[in-house]
Amino acid sequence: MILNINTMRKENRISILLIAMLLVAIVPFSTAQDKKLPNIVVLATGGTIAGSGASATGSSYTAGKVRIGEMIDAVPNIRKLANLTGEQTANVGSQDMNVKVWLILANRINELLAKDDVDGIVITHGTDTQEETAFFLNLTVKSDKPVVMVSAMRSASALSADGPLNLYNGVAVAASPESKGKGVVVVINDVILSAHSVKKMLTTPVHAFQAPEHGQLGTANFGQVEYFHNPHGLHTTQSEFSVEGVKELPRVDIIYGCADVSTDLMELMIKAGAKGIVIAGVGDGNINTGTLEAAKRVTAKGTHVVRASRIPIGQVLIHGEVVDTKWGTVASDELSPQKARIVLMLALQKYGNKMSREKLQELLINY
Ligand code: ASP
(Lines give C-alpha, C1' and ligand atoms only; values in the text may rest on other atoms or scores of the structure.)
Protein backbone atom coordinates (compact mmCIF):
# COMPACT_ATOMS: atom_id res chain seq x y z
CA MET A 1 0.00 0.00 0.00
CA ILE A 2 1.35 3.47 -0.90
CA LEU A 3 0.48 6.30 1.48
CA ASN A 4 0.14 9.78 0.02
CA ILE A 5 0.93 12.18 2.85
CA ASN A 6 -0.53 15.17 0.96
CA THR A 7 -4.05 13.72 0.83
CA MET A 8 -4.13 12.70 4.50
CA ARG A 9 -5.97 14.41 7.35
CA LYS A 10 -3.77 16.73 9.43
CA GLU A 11 -3.83 14.52 12.59
CA ASN A 12 -2.84 11.44 10.56
CA ARG A 13 0.02 13.35 8.97
CA ILE A 14 1.26 14.46 12.40
CA SER A 15 1.13 10.86 13.72
CA ILE A 16 3.07 9.57 10.72
CA LEU A 17 5.69 12.31 11.13
CA LEU A 18 6.04 11.50 14.86
CA ILE A 19 6.49 7.77 14.10
CA ALA A 20 9.08 8.61 11.43
CA MET A 21 10.99 10.85 13.89
CA LEU A 22 10.93 8.06 16.49
CA LEU A 23 12.28 5.57 13.95
CA VAL A 24 15.13 7.92 13.05
CA ALA A 25 16.02 8.17 16.77
CA ILE A 26 16.11 4.36 17.14
CA VAL A 27 17.87 3.58 13.85
CA PRO A 28 21.49 3.81 15.14
CA PHE A 29 20.78 0.90 17.46
CA SER A 30 18.67 -1.31 15.26
CA THR A 31 20.36 -1.09 11.86
CA ALA A 32 20.01 -4.15 9.66
CA GLN A 33 19.75 -7.03 12.12
CA ASP A 34 21.89 -9.92 10.90
CA LYS A 35 20.11 -13.12 11.93
CA LYS A 36 23.42 -15.02 12.12
CA LEU A 37 24.87 -12.64 14.73
CA PRO A 38 24.07 -12.68 18.46
CA ASN A 39 22.03 -9.83 19.90
CA ILE A 40 23.94 -7.89 22.54
CA VAL A 41 22.61 -5.01 24.62
CA VAL A 42 25.16 -2.40 25.71
CA LEU A 43 24.25 -0.65 28.97
CA ALA A 44 26.28 2.52 29.46
CA THR A 45 26.98 4.01 32.89
CA GLY A 46 29.71 6.60 32.16
CA GLY A 47 33.34 6.50 33.32
CA THR A 48 36.58 7.38 31.59
CA ILE A 49 35.62 5.23 28.61
CA ALA A 50 32.98 7.91 28.02
CA GLY A 51 35.28 10.69 29.19
CA SER A 52 36.63 13.63 27.25
CA GLY A 53 39.32 16.22 27.94
CA ALA A 54 40.58 19.45 26.40
CA SER A 55 43.93 17.98 25.35
CA ALA A 56 44.82 14.59 23.83
CA THR A 57 48.11 14.59 25.76
CA GLY A 58 46.89 15.99 29.09
CA SER A 59 45.78 13.80 31.99
CA SER A 60 42.81 16.01 32.87
CA TYR A 61 39.34 15.05 31.59
CA THR A 62 35.74 14.68 32.72
CA ALA A 63 34.26 11.17 32.98
CA GLY A 64 30.84 10.38 31.46
CA LYS A 65 30.72 12.88 28.57
CA VAL A 66 30.28 10.65 25.51
CA ARG A 67 26.93 8.92 25.08
CA ILE A 68 26.53 5.27 24.15
CA GLY A 69 25.54 5.69 20.47
CA GLU A 70 28.61 7.83 19.80
CA MET A 71 30.84 5.38 21.66
CA ILE A 72 29.67 2.37 19.62
CA ASP A 73 29.89 4.27 16.33
CA ALA A 74 33.52 5.17 17.09
CA VAL A 75 34.58 1.49 17.04
CA PRO A 76 35.34 0.15 13.54
CA ASN A 77 33.73 -3.18 12.60
CA ILE A 78 32.06 -3.62 15.99
CA ARG A 79 28.69 -4.28 14.30
CA LYS A 80 30.26 -7.25 12.49
CA LEU A 81 30.53 -9.01 15.87
CA ALA A 82 26.92 -8.66 17.03
CA ASN A 83 23.64 -6.84 16.57
CA LEU A 84 24.01 -4.04 19.10
CA THR A 85 21.38 -2.13 21.01
CA GLY A 86 22.40 0.65 23.40
CA GLU A 87 20.83 1.99 26.58
CA GLN A 88 22.16 4.83 28.72
CA THR A 89 21.54 3.55 32.28
CA ALA A 90 23.60 6.27 33.99
CA ASN A 91 26.38 8.70 33.03
CA VAL A 92 28.68 9.15 35.99
CA GLY A 93 32.30 8.79 36.98
CA SER A 94 32.25 5.48 38.86
CA GLN A 95 33.40 7.20 42.07
CA ASP A 96 29.73 8.27 42.10
CA MET A 97 28.35 4.77 41.42
CA ASN A 98 25.82 3.79 44.07
CA VAL A 99 23.53 1.02 45.30
CA LYS A 100 20.53 2.57 43.55
CA VAL A 101 22.19 2.25 40.12
CA TRP A 102 23.39 -1.29 41.00
CA LEU A 103 19.80 -2.31 41.72
CA ILE A 104 18.54 -0.71 38.47
CA LEU A 105 21.32 -2.44 36.49
CA ALA A 106 20.78 -5.88 38.03
CA ASN A 107 17.02 -5.78 37.50
CA ARG A 108 17.32 -4.45 33.95
CA ILE A 109 19.90 -7.14 33.06
CA ASN A 110 17.65 -9.87 34.46
CA GLU A 111 14.72 -8.49 32.47
CA LEU A 112 16.77 -8.35 29.24
CA LEU A 113 18.43 -11.75 29.62
CA ALA A 114 15.08 -13.43 30.22
CA LYS A 115 14.22 -12.60 26.59
CA ASP A 116 14.98 -15.19 23.90
CA ASP A 117 16.23 -12.51 21.54
CA VAL A 118 18.92 -11.13 23.90
CA ASP A 119 22.12 -13.19 23.96
CA GLY A 120 24.38 -11.12 26.18
CA ILE A 121 25.08 -7.83 27.93
CA VAL A 122 28.01 -5.43 27.83
CA ILE A 123 28.22 -2.72 30.50
CA THR A 124 30.46 0.30 30.00
CA HIS A 125 31.69 1.64 33.35
CA GLY A 126 34.35 3.70 35.08
CA THR A 127 37.37 1.80 36.36
CA ASP A 128 37.37 3.10 39.95
CA THR A 129 34.51 0.96 41.24
CA GLN A 130 34.20 -1.44 38.30
CA GLU A 131 35.19 -4.47 40.39
CA GLU A 132 32.43 -3.69 42.90
CA THR A 133 29.70 -3.40 40.25
CA ALA A 134 31.00 -6.59 38.59
CA PHE A 135 30.92 -8.47 41.91
CA PHE A 136 27.47 -7.13 42.83
CA LEU A 137 26.07 -8.25 39.47
CA ASN A 138 27.87 -11.58 39.78
CA LEU A 139 25.75 -12.25 42.86
CA THR A 140 22.45 -10.85 41.60
CA VAL A 141 22.15 -11.64 37.86
CA LYS A 142 20.02 -14.75 37.35
CA SER A 143 21.21 -16.00 33.98
CA ASP A 144 24.12 -17.93 32.53
CA LYS A 145 24.22 -15.71 29.43
CA PRO A 146 27.39 -13.56 29.15
CA VAL A 147 27.59 -10.32 31.14
CA VAL A 148 30.75 -8.35 30.35
CA MET A 149 32.03 -5.12 31.88
CA VAL A 150 34.30 -2.83 29.88
CA SER A 151 36.05 0.39 30.79
CA ALA A 152 39.11 2.42 29.89
CA MET A 153 42.07 3.95 31.66
CA ARG A 154 42.38 6.72 29.05
CA SER A 155 39.54 9.01 28.05
CA ALA A 156 37.93 8.86 24.61
CA SER A 157 39.79 12.05 23.56
CA ALA A 158 43.24 10.95 24.85
CA LEU A 159 46.16 9.90 22.69
CA SER A 160 46.06 6.07 22.40
CA ALA A 161 42.64 5.85 24.03
CA ASP A 162 42.12 2.24 25.15
CA GLY A 163 38.30 2.38 25.30
CA PRO A 164 37.47 1.51 21.66
CA LEU A 165 39.51 -1.73 21.63
CA ASN A 166 38.28 -2.67 25.11
CA LEU A 167 34.69 -2.19 23.89
CA TYR A 168 35.40 -4.19 20.72
CA ASN A 169 36.89 -7.03 22.78
CA GLY A 170 34.09 -6.81 25.34
CA VAL A 171 31.46 -7.25 22.62
CA ALA A 172 33.47 -10.19 21.19
CA VAL A 173 33.54 -11.82 24.64
CA ALA A 174 29.79 -11.26 25.12
CA ALA A 175 29.17 -12.74 21.65
CA SER A 176 31.29 -15.82 22.32
CA PRO A 177 29.34 -19.00 23.24
CA GLU A 178 32.27 -19.90 25.51
CA SER A 179 31.39 -17.01 27.82
CA LYS A 180 28.17 -18.76 28.88
CA GLY A 181 28.23 -19.80 32.53
CA LYS A 182 31.36 -17.77 33.41
CA GLY A 183 29.51 -15.29 35.60
CA VAL A 184 30.17 -11.57 35.18
CA VAL A 185 33.56 -10.83 33.64
CA VAL A 186 35.69 -7.72 33.14
CA VAL A 187 37.43 -7.28 29.77
CA ILE A 188 40.26 -4.76 29.70
CA ASN A 189 43.71 -4.52 28.12
CA ASP A 190 43.19 -7.81 26.23
CA VAL A 191 42.46 -9.95 29.31
CA ILE A 192 39.27 -11.51 30.69
CA LEU A 193 39.03 -11.36 34.51
CA SER A 194 36.35 -12.86 36.75
CA ALA A 195 34.19 -10.63 38.95
CA HIS A 196 35.32 -12.63 42.00
CA SER A 197 39.04 -12.11 41.43
CA VAL A 198 39.41 -8.81 39.54
CA LYS A 199 41.21 -5.96 41.32
CA LYS A 200 42.35 -2.52 40.24
CA MET A 201 46.01 -2.78 41.24
CA LEU A 202 47.48 0.39 39.70
CA THR A 203 46.17 3.94 39.70
CA THR A 204 46.58 5.04 36.06
CA PRO A 205 48.35 2.67 33.59
CA VAL A 206 46.37 0.62 31.06
CA HIS A 207 47.35 -2.66 32.74
CA ALA A 208 45.71 -1.52 36.00
CA PHE A 209 43.43 -4.56 36.32
CA GLN A 210 44.68 -7.94 37.43
CA ALA A 211 43.48 -11.03 39.28
CA PRO A 212 46.49 -11.58 41.54
CA GLU A 213 45.20 -14.66 43.40
CA HIS A 214 43.58 -16.69 40.62
CA GLY A 215 44.95 -15.20 37.40
CA GLN A 216 43.10 -14.19 34.26
CA LEU A 217 40.28 -16.38 32.91
CA GLY A 218 41.40 -15.85 29.35
CA THR A 219 42.34 -13.39 26.65
CA ALA A 220 40.56 -11.26 24.06
CA ASN A 221 42.87 -10.18 21.25
CA PHE A 222 41.29 -8.00 18.55
CA GLY A 223 38.09 -9.99 19.05
CA GLN A 224 39.73 -13.46 19.30
CA VAL A 225 38.44 -14.95 22.55
CA GLU A 226 40.19 -17.74 24.43
CA TYR A 227 39.46 -19.07 27.92
CA PHE A 228 42.01 -20.93 30.08
CA HIS A 229 40.13 -21.20 33.40
CA ASN A 230 36.72 -21.11 35.05
CA PRO A 231 35.90 -18.46 37.65
CA HIS A 232 36.28 -18.99 41.36
CA GLY A 233 33.31 -18.70 43.75
CA LEU A 234 29.55 -19.11 43.34
CA HIS A 235 27.91 -16.74 40.88
CA THR A 236 24.74 -15.79 38.95
CA THR A 237 22.53 -18.89 38.65
CA GLN A 238 24.25 -20.46 41.70
CA SER A 239 23.73 -17.38 43.90
CA GLU A 240 21.10 -17.38 46.66
CA PHE A 241 20.70 -13.59 46.44
CA SER A 242 17.98 -11.82 44.50
CA VAL A 243 17.25 -8.10 44.20
CA GLU A 244 13.95 -8.40 42.37
CA GLY A 245 11.73 -5.61 43.69
CA VAL A 246 14.45 -4.45 46.12
CA LYS A 247 14.71 -0.65 46.34
CA GLU A 248 17.60 -0.26 48.81
CA LEU A 249 20.15 -2.29 50.75
CA PRO A 250 21.18 -2.04 54.41
CA ARG A 251 24.03 0.43 54.96
CA VAL A 252 27.43 -1.15 55.56
CA ASP A 253 30.46 1.06 56.28
CA ILE A 254 34.20 0.39 56.04
CA ILE A 255 36.81 1.38 58.65
CA TYR A 256 40.31 1.80 57.21
CA GLY A 257 42.96 0.37 59.53
CA CYS A 258 46.18 2.29 60.23
CA ALA A 259 48.44 3.09 63.19
CA ASP A 260 46.42 4.70 65.95
CA VAL A 261 43.09 4.52 64.08
CA SER A 262 40.33 6.26 66.06
CA THR A 263 38.58 3.67 68.18
CA ASP A 264 35.21 5.43 68.28
CA LEU A 265 34.58 5.05 64.50
CA MET A 266 32.62 1.81 64.69
CA GLU A 267 30.05 3.06 67.18
CA LEU A 268 29.81 6.41 65.36
CA MET A 269 29.04 4.61 62.09
CA ILE A 270 26.35 2.50 63.73
CA LYS A 271 24.85 5.62 65.31
CA ALA A 272 24.76 7.17 61.82
CA GLY A 273 22.78 4.19 60.47
CA ALA A 274 25.25 1.45 59.55
CA LYS A 275 23.77 -2.04 59.93
CA GLY A 276 27.09 -3.79 59.40
CA ILE A 277 30.80 -2.92 59.46
CA VAL A 278 33.78 -4.07 57.43
CA ILE A 279 37.29 -3.48 58.72
CA ALA A 280 39.91 -2.85 56.00
CA GLY A 281 42.48 -4.00 58.49
CA VAL A 282 46.25 -4.01 58.50
CA GLY A 283 48.03 -7.25 57.54
CA ASP A 284 45.87 -10.34 58.12
CA GLY A 285 42.71 -8.28 58.80
CA ASN A 286 44.09 -6.92 62.04
CA ILE A 287 43.30 -3.62 63.80
CA ASN A 288 44.18 -1.92 67.08
CA THR A 289 42.89 -3.35 70.34
CA GLY A 290 40.50 -0.44 70.96
CA THR A 291 38.68 -1.13 67.65
CA LEU A 292 38.56 -4.89 68.39
CA GLU A 293 37.02 -4.07 71.77
CA ALA A 294 34.43 -1.92 69.96
CA ALA A 295 33.78 -4.91 67.64
CA LYS A 296 33.16 -7.08 70.70
CA ARG A 297 30.63 -4.59 72.06
CA VAL A 298 28.71 -4.07 68.80
CA THR A 299 28.67 -7.74 67.75
CA ALA A 300 27.29 -8.65 71.18
CA LYS A 301 24.39 -6.32 70.37
CA GLY A 302 23.81 -7.92 66.94
CA THR A 303 25.83 -5.87 64.41
CA HIS A 304 28.01 -8.03 62.16
CA VAL A 305 31.68 -7.04 61.77
CA VAL A 306 33.82 -8.49 58.96
CA ARG A 307 37.63 -8.39 59.05
CA ALA A 308 39.16 -7.80 55.60
CA SER A 309 42.56 -6.33 54.75
CA ARG A 310 43.95 -3.15 53.23
CA ILE A 311 46.70 -5.36 51.70
CA PRO A 312 45.69 -6.03 48.07
CA ILE A 313 46.81 -9.66 47.79
CA GLY A 314 46.18 -12.68 50.00
CA GLN A 315 43.60 -14.22 52.31
CA VAL A 316 42.38 -13.04 55.70
CA LEU A 317 42.58 -16.14 57.85
CA ILE A 318 39.77 -17.25 60.13
CA HIS A 319 41.27 -17.35 63.66
CA GLY A 320 44.68 -16.17 62.49
CA GLU A 321 46.43 -13.61 64.67
CA VAL A 322 42.94 -12.31 65.47
CA VAL A 323 40.74 -14.96 67.08
CA ASP A 324 37.30 -14.23 65.63
CA THR A 325 35.28 -15.98 68.35
CA LYS A 326 36.91 -13.70 70.95
CA TRP A 327 35.80 -10.47 69.23
CA GLY A 328 32.59 -11.64 67.51
CA THR A 329 34.03 -10.96 64.05
CA VAL A 330 34.20 -13.01 60.84
CA ALA A 331 37.00 -13.11 58.25
CA SER A 332 36.61 -11.98 54.63
CA ASP A 333 38.71 -14.89 53.34
CA GLU A 334 39.73 -13.80 49.80
CA LEU A 335 37.39 -10.84 49.48
CA SER A 336 38.67 -7.28 49.54
CA PRO A 337 36.92 -4.90 51.99
CA GLN A 338 34.76 -3.46 49.18
CA LYS A 339 33.65 -6.91 47.99
CA ALA A 340 33.08 -8.22 51.54
CA ARG A 341 30.85 -5.16 52.04
CA ILE A 342 28.68 -6.30 49.11
CA VAL A 343 28.27 -9.80 50.57
CA LEU A 344 27.35 -8.29 53.94
CA MET A 345 24.79 -5.89 52.41
CA LEU A 346 23.11 -8.67 50.41
CA ALA A 347 23.24 -11.07 53.37
CA LEU A 348 21.65 -8.49 55.71
CA GLN A 349 18.98 -7.78 53.09
CA LYS A 350 18.15 -11.50 52.78
CA TYR A 351 18.69 -12.84 56.30
CA GLY A 352 18.63 -9.74 58.58
CA ASN A 353 21.05 -9.18 61.45
CA LYS A 354 19.82 -12.34 63.21
CA MET A 355 21.93 -14.29 60.69
CA SER A 356 24.53 -16.34 62.57
CA ARG A 357 28.26 -15.59 62.41
CA GLU A 358 28.72 -19.08 60.95
CA LYS A 359 26.27 -18.34 58.11
CA LEU A 360 28.01 -15.06 57.27
CA GLN A 361 31.41 -16.77 57.37
CA GLU A 362 30.15 -19.44 54.96
CA LEU A 363 28.85 -16.77 52.55
CA LEU A 364 32.17 -14.91 52.56
CA ILE A 365 34.01 -18.13 51.73
CA ASN A 366 31.52 -19.33 49.07
CA TYR A 367 31.22 -16.18 46.97
N1 ASP B 1 37.09 8.15 37.80
C2 ASP B 1 36.90 7.36 36.61
C3 ASP B 1 35.73 6.42 36.84
O4 ASP B 1 35.87 5.48 37.56
C5 ASP B 1 38.12 6.60 36.31
C6 ASP B 1 38.04 5.66 35.15
O7 ASP B 1 36.99 5.34 34.61
O8 ASP B 1 39.12 5.17 34.75
O9 ASP B 1 34.69 6.67 36.30
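Residues numbered from 1 in each chain as written. Predicted model: local features only at pLDDT ≥ 70, side-chain atom pairs only at ≥ 80, totals over all residues. Heavy atoms only, no water.

Trainee: Any chance you could break down the side chain of Ser-94 for me, citing the residues and the numbers?
Mentor: Structurally, the position occupied by Ser-94 is in the loop between strand E2 (83-92) and helix H3 (99-113). We classify Ser-94 as buried; its relative accessible area is 2%. Only 3.2 Å separates the side chain of Ser-94 from the backbone nitrogen of Asp-128, close enough to count as a polar contact. When near neighbours in sequence (up to four residues on either side) are disregarded, Ser-94 contacts His-125, Gly-126, Thr-127, Asp-128, Thr-129 and Gln-130. (Helix = DSSP H or I, 4+ residues; strand = E, 2+ residues; numbered from the N terminus. Buried < 20%, exposed > 50% of the residue type's maximum accessible area, 1.4 Å probe, protein only. Polar contact = N/O pair within 3.5 Å; in protein donor to acceptor, adjacent residues only side chain to side chain. Contact = heavy atoms within 4.5 Å.)

Trainee: Can you break down the sheet that holds strand E10 (residues 224-227) residue by residue, with the values?
Mentor: The strands that make up a sheet are held in pairs by hydrogen bonds between backbone atoms, and each pair lies either parallel or antiparallel. An order of E2-E1-E3-E4-E5-E6-E9-E10 is seen for the eight strands of this open sheet, with the pairing classed as mixed. Of all the strands in the sheet, the pair left with one neighbour each is E2 and E10. On average, each strand axis in the sheet is inclined to that of its neighbour by 25°, with strand direction left out of account. Pairing between strand E1 (residues 39-46) and E2: seven bridges, direction parallel. Residue pairing for E2: Leu-43 is matched across the bridge by Glu-87. (Pairing = 2+ DSSP bridges. Axes fitted to C-alpha atoms, helices over the stretch in contact; angles between N-to-C directions.)

Trainee: Which residues make up the pattern of salt bridges, and what values go with them?
Mentor: Note that side chains of opposite charge can pair when their charged atoms are close. For the structure on display, the rule yields 12 salt bridges. Between Arg-108 and Glu-87 there is a salt bridge, with the nearest N and O atoms lying 2.6 Å from each other. With Arg-108 in helix H3 and Glu-87 in strand E2, the pair connects residues that are 21 residues apart, well separated along the chain. Across the pair Glu-267 and Arg-297 runs a salt bridge, and its minimum N-O distance is 2.8 Å. Here Arg-297 lies in helix H7 (residues 289-300) and Glu-267 lies in helix H6 (residues 265-271), a separation of 30 residues in the sequence. (Salt bridge = Lys/Arg side-chain N within 4 Å of Asp/Glu carboxyl O.)

Trainee: I'd like a rundown of H7, residues and numbers included.
Mentor: Its 12 residues place the ends of H7 16 Å apart at the C-alpha level, agreeing with the 16 Å of an ideal helix rising 1.5 Å per residue. Here H7 has its buried residues at Thr-291, Leu-292, Ala-294, Ala-295, Val-298 and Thr-299. The buried residues of H7 occupy an angular sector of 155° when projected down its axis, which confines them to one face. Facing away from the buried side of H7 by more than 90 degrees, the exposed set consists of Thr-289 and Ala-300. The inward-facing, buried residues of H7 contact H6, strand E13 (304-309) and helix H8 (324-327). Of the residues trailing H7, Gly-302 is marked for its positive phi of about 105°. (Expected span 1.5 Å × (residues − 1). Arc of directions from axis to C-beta.)

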